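# Architecture at a glance
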Amino acid sequence: MIEVKNLTKIYPNGTRGLDDVNVDIQNGEFVCVIGLSGAGKSTFLRCLNRLNTATSGQILIDGEDIAFAEGAKLRSIRRRIGFVFQQFNLSTRLTALENVLAGRLGYHNRFVGALGLYPQADIELAQNALDRVGLGDKKGVRVDELSGGQQQRVAIARAVAQQPTLILADEPMASLDPKLSNVIMGLLKGFNKDGISVVVNIHVLELATAYADRILGFNKGRLVFDGPPSALTESEIERIYSGSVADL
Ligand SMILES: Nc1ncnc2c1ncn2[C@@H]1O[C@H](COP(=O)(O)OP(=O)(O)OP(=O)(O)O)[C@@H](O)[C@H]1O
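Nothing here was measured: the structure is a model prediction, and the numbers come from that model.

### A short note on the overall build of the chain
A count of helices and strands for the chain gives 9 helices and 10 strands. Taken over C-alpha atoms, the radius of gyration comes to 18 Å for the chain, in line with the 18 Å a tight globule of 248 residues would show. C-alpha extents for the chain along the principal axes are approximately 50 × 40 × 35 Å. Among the 248 residues that make up the chain, the fraction classed as buried is 49%.

### What to know about the pairing of strand β9 (residues 214-219)
The buried fraction of β9 amounts to 6 of the 6 residues, a majority that puts the element mostly inside the structure. Here β9 shows two buried faces, one formed by R214, L216 and F218 and the other by I215, G217 and N219. Direction of pairing for strand β3 (residues 30-34) relative to β9: parallel, over a ladder of 4 bridges. Each residue of the ladder has a partner; that of I34, found in β9, is G217. For β9 and strand β10 (residues 222-227), the ladder comprises 5 bridges, and the chain directions are antiparallel.

### Focus on the site of the ligand
Around the ligand, 13 residues are found, and the nearest of them are S37, G38, K41, S42 and T43. At a separation of 3.4 Å, a nitrogen atom of the ligand approaches a polar side-chain atom of Y11. S37 places a polar side-chain atom, nitrogen or oxygen, 2.5 Å from an oxygen atom of the ligand. For the ligand, whose accessible area on its own is 640 Å², the fraction buried by protein is 64%.

### Regarding the domain arrangement of the chain
Note: interface size is frequently given as the accessible area lost on complex formation between the parts. Here the domain parsing of the chain yields domain 1 (1-80 + 166-248) and domain 2 (88-163). Each of domain 1 and domain 2 has a C-alpha centre, and these two points are 25 Å apart. Tallying the contact residues gives 15 residues for domain 1 and 14 residues for domain 2. Buried area between domain 1 and domain 2, summed over both chains or domains, comes out near 1,200 Å², and the portion from carbon and sulfur atoms is 68%. Considering only the side of domain 1, the residues that lose the most area to domain 2 are R79, L187 and F191, jointly responsible for 44% of the buried surface there. Taken together, the connections running from domain 1 to domain 2 amount to 1 salt bridge.

### With respect to the pairing of strand β4 (residues 56-61)
In this sheet, β4 lies alongside strand β1 (residues 2-10) in antiparallel orientation, the contact comprising 5 bridges. Bridging from a neighbouring strand, K5 pairs with Q58 of β4. Two strands pair when backbone bridges link them, and β4 and strand β5 (residues 64-65) are joined in this way by 2 bridges, in the antiparallel orientation. Following the sheet pairing, I61 is matched in β5 by E64. The hairpin turn running from β4 into β5, its antiparallel successor, is 2 residues long, and D62 in that turn takes a positive phi close to 45°.

### Overview of the sheet that holds β4
The 4 strands are arranged β2-β1-β4-β5 in an open sheet whose pairing can be described as antiparallel. At either end of the open sheet lies a strand with only one pairing partner, and these are β2 (16-25) and β5.

### A few points about helix α5 (residues 120-132)
The first and last C-alpha atoms of α5 sit 18 Å apart over 13 residues, in line with the 18 Å expected at 1.5 Å per residue. Listed in full, the buried residues belonging to α5 are D122, A126, Q127, A129 and L130. Viewed along the axis of α5, the buried residues span an arc of 160°, placing them on a single side of the element. Next to the buried residues of α5 lie α3 (96-101) and α6 (148-161). One or two steps after α5, the chain reaches G134, where phi turns positive at roughly 80°.

### Remarks on the layout of surface pockets
A volume near 490 Å³ is recorded for the largest pocket. Taken together, 17 residues form the lining of the largest pocket, with R78, R79, I81, G106 and Q162 sitting closest to its centre. Only α2 (71-78), β6 (81-84) and α6 provide two or more residues apiece to the lining of the largest pocket. Here the residues of the lining of the largest pocket are counted per class, giving 7 nonpolar, 6 polar and 4 charged. Taken domain by domain, the lining of the largest pocket gets at least three of its residues from each of domain 1 (1-80 + 166-248) and domain 2 (88-163).

### Thoughts on the packing of aromatic side chains
Taken as a whole and judged by the stated rule, the model has 2 aromatic pairs. Seen from their ring centres, F44 and F218 are 5.1 Å apart, and the 45° between their planes marks the pair as tilted. Note that F44 is positioned in helix α1 (residues 41-48) and F218 in strand β9, a separation of 174 residues in sequence. Each member of the pair, F44 as well as F218, carries the same accessibility label: buried. Ring geometry for F83 against F85: centres 4.6 Å apart, planes inclined by 45°, an arrangement best described as tilted. As far as burial versus exposure is concerned, F83 and F85 are alike and both buried. It is R104 that lies over the ring of Y107; its NZ or CZ is 4.1 Å from the centre. Geometry around F30 places K189 over its ring, the cationic atom sitting 4.7 Å from the centre.

Quick notes on the rules
- Residues numbered from 1 in each chain as written.
- Predicted model: local features only at pLDDT ≥ 70, side-chain atom pairs only at ≥ 80, totals over all residues.
- Heavy atoms only, no water.
- Helix = DSSP H or I, 4+ residues; strand = E, 2+ residues; numbered from the N terminus.
- Rg over C-alpha atoms; globule rule 2.2 N^0.38 Å.
- Buried < 20%, exposed > 50% of the residue type's maximum accessible area, 1.4 Å probe, protein only.
- Pairing = 2+ DSSP bridges.
- Near = heavy atom within 4 Å.
- Polar contact = N/O pair within 3.5 Å; in protein donor to acceptor, adjacent residues only side chain to side chain.
- Areas by Shrake-Rupley, 256 points an atom, 1.4 Å probe, with all protein chains shown as cover.
- Domains from an automatic or database assignment.
- Contact = heavy atoms within 4.5 Å.
- Buried area = accessible area lost by both parts, 1.4 Å probe.
- Salt bridge = Lys/Arg side-chain N within 4 Å of Asp/Glu carboxyl O.
- Expected span 1.5 Å × (residues − 1).
- Arc of directions from axis to C-beta.
- 1 Å grid on protein atoms, 1.4 Å probe; cavity = no way out; pocket = protein on both sides within 12 Å on 5 of 7 lines; lining within 4 Å.
- Points joined across faces, edges and corners; volume = space filled by probe spheres on them.
- Nonpolar A, V, L, I, M, F, W, Y, C, P; charged D, E, K, R; others polar.
- Phe/Tyr/Trp six-rings, centres within 6.5 Å; stacked < 30°, edge-to-face > 60°.
- Lys NZ or Arg CZ within 6 Å of the ring centre and 35° of its normal.

Written out as structure tokens, the structure is:
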């Protein structure tokens, strides 16, 4: 369970990326985060796994506050959180399997990755993850020879190979042909059904309402909606999307 309390992020230039956000996310939930560009969706996700550090507040993951954790404590929490980026963040000169194996790095010392000395159990886990995203036959292919959609599926397999309790996905379809949106959301939903909590930033409202158990709506760094898709009335949608992008 994730408990976010009074989370505020003020960037060095004074922008409030997050403004006093309070939210609990239960184990196994599929949460979609919506809002205009600049509303704070990425800041929220990046604070949850500490790619960004908040200015104040708490982030309790299973009771442990990670908002300002460092060193071994941060590493041990982070390895159970998979992150899927808009731009995939793969090592393009490595194969699909090597990229997925990188999801295991948090479990080993630094020589294992550098020398490619992954245990057989990791190789099987990575192969299974690639099979689950439908790319088992591409394991030996360099990822720069794969399509964007295939690369994002490799990135999802890497996150899954971490054996995470939580996957965070920051606009995972934004760099892809819209036709692939349902493929990516479907994969995330499948892993969610296995018990992994999923939080996805998404700008397509119809996809958010189709897949989410719960929607979080941000506006100018503030959480202005928290509820199931069925509670997302026209007036709530207006509240979430009020203000122009230029104001933010
Ligand atoms: N590194 C930074 N330095 C200063 N301001 C930043 C930084 N990163 C984000 N911001 C600002 O913080 C606010 C929230 O940005 P954030 O990227 O979290 O929004 P978002 O909802 O994810 O938008 P998008 O959908 O465009 O990615 C915006 O006003 C943005 O300009």
